[in-house]
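Next come the chains, spelled out residue by residue.
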Amino acid sequence: MKHSMVSRRHFVKSLASAAALPIVIPASALGRSHRPAPSERINMGFIGMGSMGMHNLRGFIEKPDVQVLAVCDVNPAGDNYAGSGLKGREPAREFVASTYAMDSNMSAYTGCDAYSFFWQILERDDIDAVCLALPDHWHAYMAVAAAKAGKDMYSEKPLSRTIHEGRLMVKAVRKYDLVFQTGSQQRSDQRFRHACELVRNGYIGEIQKVYAQVGGISRPFPHQEAESIPENFLYELWLGNAPSAPYHGERVSGAYNTEEKAWRAWRPYSAGHVADWGAHNFDISLWGLGLDRSGPVKIVHASDAEEEELTLMYSDNPPIIKKKGPHDGMIQFIGSKGWVGVSRGELWASDERLLTLEMKSSDTRLYHSDDHRRDFLNSVKTRSNPVCDVEIGHSSSVACLTSEICMRLERTLEFNPIKEKFHDEEANHLLTRSMRAPWSL
């Protein structure tokens with residue numbers, strides 16, 4: 001990857017100097033006696049202040065051992081994100097300031113800086129960890145840059161836009177010995193963990209198949225008349241490594257829409273629903289089957305599949321079928337003695353006694369996390385891998401992206417999960433993508 005100075009010259013030639021470092025208010029001044037001393041807090045910066053960025057900011061700032069020092073977004077403020085209310089760097093900064101001022105009974109708090117350019121956060125020696133919540137095409141570049149800057153990362157899913165980029169993320173995190181939590185937060189939910197433990201310990205018999213309710217793929221952005229770029233919105237930086245394209249609100253919208261009118265629907269920036277929700281539902285399917293850090297050997301196209309829907313084959317393991325199953329739950333494990341289904345907030349089973357079953361001391365127990373962000377912070381302190389480490393995020397992303405490629409080419413594909421290559425040259429061309437200068441990995 002080229003050094004960030006290249007992009008700085010390209011975008012911020014007029015910058016004279018960095019802003020003054022923020023003041024870190026001591027615990028006593030904040031009026032929260034349970035707050036650790038400043039030296040014991042994890043100083044965080046947030047890059048990407050759309051809906052998920054703001055959601056994560058709210059979740060992290062309530063942790064007494066976190067100090068938010070900086071926020072960053074290409075948009076100063078706007079409503080072109082999911083949910084109600086303004087998002088962007090200034091609303092984020094104001095939220096941090098008002099939160100800390102309220103906690104300390106102060107009239108104002110000035111210890112959080114708001115930046116337009118991500119490297120301004122990465123270059124700060126006083127920031128320990130960053131939270132990354134950006135369009136998918138930015139995930140790999142940002143993670144590798146953060147790794148080179150020595151920052152631990154909490155990064156939104158899906159892990160990467162291409163399989164090659166995901167592997168580079170794994171290598172960078174390992175090279176610099178960093179903590180990386182993928183934001184597939186269903187792994188920190190008791191219902192999903194219980195469903196997977198029932199499966200792992202044979203309570204529904206031998207697993208025959210798994211259903212994962214996941215949708216379709218993104219598509220090229222349709223022809224639209226160009227719109228005026230909103231004032232102070234750094235559109236060229238939003239595009240970044242993606243191909244040059246005229247501005248349109250539906251291209252950059254952060255709404256949770258994988259079909260149209262939002263970046264998740266368009267191919268340069270996302271693989272679509274198959275990645276957006278596959279990063280959740282394929283992820284739990286793999287967790288239940290014990291297939292973390294692996295990849296499929298065959299992706300069976302719907303035209304060849306037994307159930308007329310794409311199917312992922314993992315060597316001699318049960319198939320993972322990309323469709324809603326016959327029972328309740330976005331993920332359904334079908335066994336020889338019963339079934340279990342799980343969705344957010346709900347758990348179902350063929351025998352209701354399984355829902356409250358207490359695991360035996362001899363049973364296999366899975367990583368226990370009830371708070372995805374707390375789990376990340378604990379890992380930062382202990383230097384251990386969190387519940388959804390970068391390699392786990394990558395294996396889930398491989399399931400998503402091999403599915404995307406199969407659906408784009410409309411044929412069954414064989415895949416080597418060790419080499420991460422298809423037995424198909426056209427498919428192999430889709431394992432990576434070119435990046436627009438000056439961005440490169």
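Within each chain, residues carry numbers counting from 1 in the order of the written sequence. Given that this is a predicted model, residues contribute local features only at a pLDDT of at least 70 and side-chain atom pairs are listed and counted only at 80 or more, while totals for whole chains, interfaces and linings are drawn from all residues. Where side-chain values are given, they derive from all heavy atoms of the structure, hydrogens and water being excluded.

**Topic: the sheet that holds strand β6 (residues 180-182)**
Note on sheets: strands pair through backbone hydrogen bonds, and any given pair is parallel or antiparallel. The strand order across the open sheet formed by six strands is β3-β2-β1-β4-β5-β6, and the pairing between neighbours is parallel. Lying at the two open borders of the sheet, with one neighbouring strand each, are β3 (113-115) and β6. Pairwise comparison of adjacent strand axes, ignoring direction, gives a mean angle of 20° for this sheet. Taken together, the three bridges between strand β2 (residues 66-72) and β3 define a ladder with parallel strand orientation. In the sheet register, Val71 faces β3, and the bridge partner there is Ala114. At least two DSSP bridges between two strands are needed for those strands to be called paired. Working definition: helices are DSSP H or I runs of at least four residues, strands are E runs of at least two. Numbering for both runs from the N terminus. With axes taken as lines fitted to C-alpha atoms, and helix axes fitted only over the stretch in contact, angles between N-to-C directions fall between 0 and 180 degrees.

**As for the state of the cysteines**
Any two cysteine sulfur atoms lying within 2.5 Å of each other are counted as a disulfide. Per the counting criterion, the structure on display carries zero disulfides. Its sulfur unpaired, Cys388 is 11 Å from the next cysteine sulfur, which belongs to Cys400. Relative accessibility thresholds used throughout: buried, under 20% of the residue-type maximum; exposed, over 50%; partly exposed, between the two (1.4 Å probe, protein chains only). The exposure class of Cys388 is buried, given its relative accessible area of 0%.

**What to know about the confidence of the model for the chain**
Per residue, pLDDT captures the predictor's confidence, and it can take any value from 0 to 100. Averaged over all residues, the pLDDT of the chain is 92; the fraction at 70 or higher stands at 92%. The lowest-confidence element of the chain is helix α2 (residues 27-30), averaging 39 in pLDDT; the highest-confidence one is β6, averaging 99. Here, residues are in contact when the closest pair of their heavy atoms is within 4.5 Å. In the predicted structure, residues 1-33 sits below a pLDDT of 50 and forms 67 contacts with residues beyond four places in sequence or in another chain.

**What about the environment of Val74?**
Within the secondary structure, Val74 sits in the loop between β2 and α4 (89-104). Excluding residues that lie within four positions of it along the chain, Val74 makes contacts with Arg89, Ser116, Asn232, Phe233, Leu234, Leu237 and Trp238.

**Section: the nonpolar core**
Counting residues in hydrophobic clusters, the biggest one holds 48 residues, and the most contacted among them are Ile47, Phe118, Met153 and Trp238. Residue assignment for this core shows that the elements contributing at least two residues are β2, α5 (119-122), β4 (129-132), α6 (139-148), α7 (163-175) and α9 (235-239). Tallying contributions element by element places α6 first for this core, with eight residues. Dropping the residues within four chain positions of it, Phe118 is found in contact with Ile47, Cys72, Trp138, Tyr141, Met142 and Trp439. Here the nonpolar core consists of buried residues drawn from Ala, Val, Leu, Ile, Met, Phe, Trp, Tyr and Cys, with membership extended through side-chain atoms lying within 4.5 Å. Membership of the second largest hydrophobic core comes to 46 residues, among which are Val342, Leu347, Leu409 and Leu413.

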